[in-house]
Structures are given as C-alpha cells and as structure tokens.
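Inside the fold
Letter by letter, the chains look like this.
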Amino acid sequence: MKYISTRGGMEPTEFCETLLEGLAPDGGLAVPEELPRLSREQLESWRGLAYADLATEVLGLFATDIPRDDLARMTAAAYGPHNFPDGPVPLRDIDGGLTLVGLSEGPTLAFKDMAMQFLGQVVEYALERRGSTLNIVGATSGDTGSAAEHAFRGKERITVFMLSPQGRMSAFQRAQMYSLTDDNIHNIAVSGVFDDAQNLVKELSSDLEFKRAHHLGAVNSINLARITAQVVYYVWAWLRASDDAAPDARGAFEVSVTVPSGNFGNILAGYFAKGMGVPIRRLVLAANENNVLDEFFRTGVYRPRPAAETLKTSSPSMDISKASNLERFLYDLLGRDPERMNAAWRELDETGALDLTAELPRLRGEFGFFSGTSTHTDRLATIAAVREATGEIIDPHTADGVKVARDYVEEGVPMLVLETAKPEKFQETITEAIGVTLPLTAELQEMLEAEQYVVEMPADAAQLRAYIEGNAAL
Ligand SMILES: *Cc1c(COP(=O)(O)O)cnc(C)c1O
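Computed from a predicted model, the values in this text were never measured in an experiment.

1. Quick look at the sheet that holds strand β15 (residues 455-457)
Here we have 5 strands laid out as an open sheet, ordered β8-β5-β6-β7-β15, and parallel in their pairing. Each end of this open sheet is capped by a strand with a single partner; those strands are β8 (216-217) and β15. The sheet contact formed by strand β5 (residues 134-139) and β8 spans 2 bridges and is parallel. For asparagine 135, the partnering residue across the bridge sits in β8 and is leucine 216. Packing of helix α20 (residues 461-471) onto the sheet brings it into contact with β5, β6 (158-165), β7 (185-190), β8 and β15, and relative to β6 it is tilted by some 155 degrees.

And the structure:
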C-alpha cells in the first residue's frame with residue numbers, strides 16, 4: 001500500500017513515511033493510492049476477534065511496511081487493559097432506536113485516544129527504526145491535545161509542543177493537559193481561537209527548512225495514521241451491531257452512523273470504512289453552531305469561515321470553521337484528479353468559497369452523506385431527554401450526534417451514534433442541562449486540583465519558532 005498527495009505532487013510513499021509528516025510537500029494531504037477492499041467473507045472471519053486483534057488486521061491493510069508481529073505488539077499495547085480496563089468500544093442502546101458506540105473509554109475520556117494511543121506506539125517504533133527524533137507541533141481545541149500528550153508522555157525520542165486557544169477549553173480539558181509534569185510535554189496557550197493556533201502550526205510546517213532542521217511532525221487530525229486507526233472501530237461497530245442477526249442475514253445487514261464532527265477526521269474514517277466494503281448505509285454528519293460542513297452537505301457550497309467568526313459553543317471540540325480533512329473527501333468527489341483539486345483550491349482562495357452544487361446529488365446518492373446542525377438549546381434538551389428515557393448522561397458532543405441522528409433514522413436500519421467524549425469533561429453544560437454535578441473519581445479530582453504548567457503566547461510564528469528552537473528534542 002502506497003500513499004499519494006491530493007494535490008498530485010508527492011512520490012508514492014509508505015505508511016511509516018506519511019506517519020511523520022503533516023501536510024504533503026505540495027500542500028496536499030496523503031491518501032491511499034487505492035482503498036483496500038473487504039469481502040463479506042473476510043469481515044465475517046473477523047467476528048470473533050478481540051479489539052486489538054481486529055486492529056492488527058485492519059491496520060495491517062494500511063501499514064504494509066510493518067511486520068505483522070510488530071503491529072500486533074503495538075495494538076496490544078494501545079488497546080490492552082492498561083488503557084481500557086473494561087475493554088474498548090462497548091455498544092449500548094438508548095431510546096429512539098439509537099445505539100451509542102462507546103469510544104471514550106481511554107485515558108483522556110474522549111474518542112481521540114482510540115487513534116492516538118496507537119500513534120504513540122507506532123511513531124516511537126518508526127523513530128527507533130530510523131534512529132531519529134521528532135518534535136510534534138500540534139494545535140488542539142481540547143481533546144486532541146490531551147490525547148496526544150497522554151499518548152506521547154515520557155517517550156524518549158519525542159517532544160510535544162501543543163498549542164491551545166487561550167480560555168476556550170473546559171476546566172477539565174485544561175487540567176488534563178496542563179497538569180502533566182513530563183519533561184517532553186510543552187503546553188502553549190495562544191491568544192485567539194482554534195483556527196489561529198492551527199494556522200500557526202501550518203505556517204511552521206510549510207517552512208520546509210525549519211521543519212527539516214527541527215524534525216517537526218504533526219499528529220493533528222490530518223495525520224493519516226490516525227484516520228486509519230479510526231477505521232478499526234467502524235468495522236468493530238458493524239460487527240457488534242450485526243452479532244445478533246441471523247448468520248444468513250448478516251451479509252445484507254446495514255447500519256447507519258452519525259458522527260459529531262469538527263475537522264472531518266472521524267467521519268472520514270467512516271467514509272473509508274464504507275468505501276472498503278463495511279455495510280454502512282448513511283454517514284450522518286452532526287455539526288454544532290459552527291456548521292460550515294452541514295452547509296456544504298446541504299447546499300454543495302463549501303464556505304469556510306474566518307477564525308473571527310468561529311463561535312464559542314458548549315460542544316467546544318467541534319468549534320472549527322475550516323475542516324482540514326474535507327480535502328481528502330473532495331479528492332474523491334472530484335474524481336481523484338489533482339488538477340481539479342488545484343483548481344478548486346484556487347477558486348477557494350480567490351472567492352472564499354468552493355461551489356460544488358453540480359455534485360450535490362452525488363453527496364447523498366453515491367456517497368451516502370447526510371448532515372444536520374444542533375444548537376446549544378438542542379444539546380441541553382437532548383441531554384435531558386436521553387437522561388429521562390434511559391438514565392444515561394451523555395456529553396454535549398454526543399448529544400449533538402443524537403439530536404441530528406434522530407432526523408435520519410430509517411425503519412429496520414440500526415442508527416449508531418459515535419460517543420465522542422464522556423460527560424465528566426463538560427461538567428458545566430451537564431449541570432445546565434439537568435442540574436446534576438457528576439461525581440468524579442479520586443484520581444480525576446486530584447488531576448483537577450494539581451498545579452498547571454502552560455506558557456502563554458500571542459499568535460505569532462516568530463515567538464513560536466524561538467520557543468521550539470529552545471526546547472526541541474535534538
Ligand atoms: C475531536 C472531537 C470531535 C470532532 O472530531 P473530528 O474528527 O475533528 O471531526 C467531536 N467531539 C469530540 C468530543 C472531539 O474530541
């Protein structure tokens with residue numbers, strides 16, 4: 001399996017090469033030359049596998065440059081009882097014919113752990129293999145940063161510089177990152193919103209000289225290895241949802257999936273899984289008030305909003321107005337033609353919008369994408385309604401998913417909603433919705449009260465460069 005760039009300017013590379021890159025050298029994103037295809041027989045043969053073993057099978061299709069035994073050792077470490085004491089990815093039914101897919105059982109209580117724990121293993125492995133070091137520079141709206149820091153803390157060859165938008169994360173998210181005391185973890189709070197922080201990261205990684213001199217790499221949501229690791233739980237979720245179907249009905253068993261979305265990474269993995277042959281009928285994108293992607297899937301016009309127009313909402317991990325990973329889907333939509341991609345990006349730069357209304361029927365028909373928006377009021381009402389009906393308390397992002405999913409349920413097709421975080425991370429909104437303060441374990445309480453380590457900085461590339469130069473892994 002080789003990887004190429006959406007803009008057409010990269011020699012085909014191996015999985016471990018793309019692992020340590022952010023943007024491709026031509027400014028595009030790495031995509032598989034061709035998606036692996038899964039037959040129904042192959043899917044069926046995986047039904048009895050534990051999660052880590054399923055991950056070895058699925059990731060083995062993408063990471064063809066890693067020997068199987070090495071991969072198995074890494075998936076066992078990433079998805080074993082140390083990180084998931086009760087096992088990864090439980091499914092549970094809630095009201096209205098919906099099923100929650102539990103992706104938040106890992107160390108930082110959000111779905112980002114699912115991919116990041118594997119990335120922590122495989123990046124260290126790749127660096128050892130080539131005898132080099134890496135400085136990870138990333139931007140986070142909350143959950144990516146803590147998942148990355150918890151996956152890379154204490155790793156010898158790796159230093160992490162994590163930018164976060166000042167004052168835009170919940171107290172819990174801040175504590176999860178800023179309380180870490182590992183020498184290789186640097187928290188940097190940038191004035192502005194998530195897009196300001198992400199633009200700084202992009203500026204640094206497009207400076208090829210600086211990037212090479214300091215071994216910069218990215219683990220944010222454009223990282224291809226993360227997408228592939230996320231494909232695993234779509235396969236798992238389909239297997240578990242179809243476990244109870246009669247064996248001869250399993251082949252035709254379809255599910256739909258709703259995904260609370262921001263940077264389009266999670267749902268892109270679902271799109272890959274569908275493209276590989278996992279029987280997914282509808283891929284429903286749930287947005288919050290920053291609903292650029294809902295607008296795109298409804299109208300065919302993609303109009304990213306400037307950082308200044310990004311609203312601060314009560315599902316903060318989705319407060320994104322420029323979805324980096326959409327490029328990977330657009331590449332397929334535009335016939336995997338780099339010339340059309342480059343033209344599209346020119347149009348976007350020149351006019352501020354990309355008009356793909358001609359492709360609108362294909363979005364639903366050929367690709368199965370549907371979408372909707374959930375607001376603060378919807379979020380609170382949904383948290384309360386689910387609690388009322390089932391006793392479950394869901395987090396605000398998952399609530400956005402549940403709200404939008406309800407509009408797209410079809411008779412006889414299970415609707416899976418990806419649970420992207422645990423409610424404890426977003427206590428204030430839970431209290432606002434249902435008047436309850438969630439009890440915290442002693443360990444979490446201690447984390448919230450611990451001393452915090454963070455450097456504050458304006459959104460200024462020169463200052464960031466200087467800081468990295470002073471603290472980088474050599
Ligand atoms: C990251 C995140 C999202 C958005 O996922 P994308 O892959 O960026 O679309 C949604 N919910 C939570 C809780 C998250 O951490």
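Let us keep going from here.
2. Some thoughts on the packing of aromatic side chains
For any pair of aromatic rings, the description rests on two quantities: the centre-to-centre distance and the angle between the ring planes. Under the definition given, this model contains 20 aromatic pairs. Ring geometry for phenylalanine 329 against phenylalanine 367: centres 5.1 Å apart, planes inclined by 85 degrees, an arrangement best described as edge-to-face. With a gap of 38 residues between them, phenylalanine 329 in helix α13 (residues 326-333) and phenylalanine 367 in the loop between α15 (360-365) and β13 (369-373) connect regions that are remote in the sequence. With respect to class, phenylalanine 329 is no different from phenylalanine 367; both count as buried. A centroid spacing of 5.4 Å and a plane angle of 55 degrees characterise the contact between phenylalanine 370 and tyrosine 408, whose relative ring orientation is tilted. Here the residue phenylalanine 370 occupies a position in strand β13, and tyrosine 408 occupies one in the loop between α17 (396-405) and β14 (415-419), the gap between them amounting to 38 residues. By relative accessible area, phenylalanine 370 is classed as buried at 10%. By relative accessible area, tyrosine 408 is classed as buried at 10%. What links up through ring pairs into an aromatic cluster is the set Phe264, Tyr271, Phe272, Phe296, Phe297, Tyr302, Phe329, Phe367 and Phe369.

3. Details of the pattern of salt bridges
For the structure on display, the rule yields 27 salt bridges. In this structure, arginine 362 and glutamate 366 form a salt bridge, with 2.8 Å as the shortest nitrogen-oxygen distance.

4. Considerations on the site of the ligand
The full set close to the ligand counts 15 residues, and Lys112, Asp143, Gly262, Asn263 and Asn266 are the nearest of them. In this structure, aspartate 143 approaches the ligand through a side-chain N or O atom, which is 2.5 Å from an oxygen atom. At a separation of 3.2 Å, an oxygen atom of the ligand approaches a polar backbone atom of glycine 265. Residue composition of the shell around the ligand, by class: 5 nonpolar, 8 polar and 2 charged.

5. With respect to the nonpolar core
Of all hydrophobic cores here, the largest spans 111 residues; its most connected members are Phe152, Phe264 and Phe329. Per element, the largest residue contribution to this core is 13 residues, and it comes from helix α10 (residues 224-242). Residues within four places of phenylalanine 264 in sequence aside, it is in contact with Leu285, Leu293, Phe297, Ala323, Asn325, Leu326, Phe329 and Phe369. Ile383, Ile393, Tyr408 and Leu438 belong to the second largest nonpolar core, which has 22 residues in total.

6. A closer look at the sheet that holds strand β4 (residues 98-102)
Taken in spatial order, the 6 strands of this open sheet run β3-β4-β14-β9-β10-β13, and their pairing is mixed. Only two strands of the sheet have a single partner each, and these edge strands are β3 (91-93) and β13. On average, each strand axis in the sheet is tilted by 25 degrees relative to the strand beside it, whichever way the strands run. Summarising the sheet, strand β10 (residues 280-287) and β13 pair through 5 bridges and their orientation is parallel. Looking at β13, one finds that leucine 285 is bridged to serine 371.

7. Some details on unusual backbone geometry
Within the chain, leucine 109 stands out as a residue other than glycine whose phi angle is a positive 60 degrees. With respect to the secondary-structure elements, leucine 109 resides in the loop between β4 and α5 (112-130). Judged by its relative accessible area of 16%, leucine 109 falls in the buried class. One non-glycine residue with positive phi stands out, namely histidine 215, at about 50 degrees. Classification of histidine 215 by relative accessible area gives partly exposed; the value is 35%.

8. Some points on helix α12 (residues 292-299)
Among all positions of α12, only Val292, Leu293, Asp294, Phe296 and Phe297 are buried. Where α12 is buried, its residues touch β10, β11 (301-302), α13, α15 and β13. Positive backbone phi, at 85 degrees, marks glycine 300, one or two positions downstream of α12.

Cut-off values and rules
Residues numbered from 1 in each chain as written. Predicted model: local features only at pLDDT ≥ 70, side-chain atom pairs only at ≥ 80, totals over all residues. Heavy atoms only, no water. Pairing = 2+ DSSP bridges. Helix = DSSP H or I, 4+ residues; strand = E, 2+ residues; numbered from the N terminus. Contact = heavy atoms within 4.5 Å. Axes fitted to C-alpha atoms, helices over the stretch in contact; angles between N-to-C directions. Phe/Tyr/Trp six-rings, centres within 6.5 Å; stacked < 30°, edge-to-face > 60°. Buried < 20%, exposed > 50% of the residue type's maximum accessible area, 1.4 Å probe, protein only. Salt bridge = Lys/Arg side-chain N within 4 Å of Asp/Glu carboxyl O. Near = heavy atom within 4 Å. Polar contact = N/O pair within 3.5 Å; in protein donor to acceptor, adjacent residues only side chain to side chain. Nonpolar A, V, L, I, M, F, W, Y, C, P; charged D, E, K, R; others polar. Core = buried A, V, L, I, M, F, W, Y, C linked by side-chain atoms within 4.5 Å.

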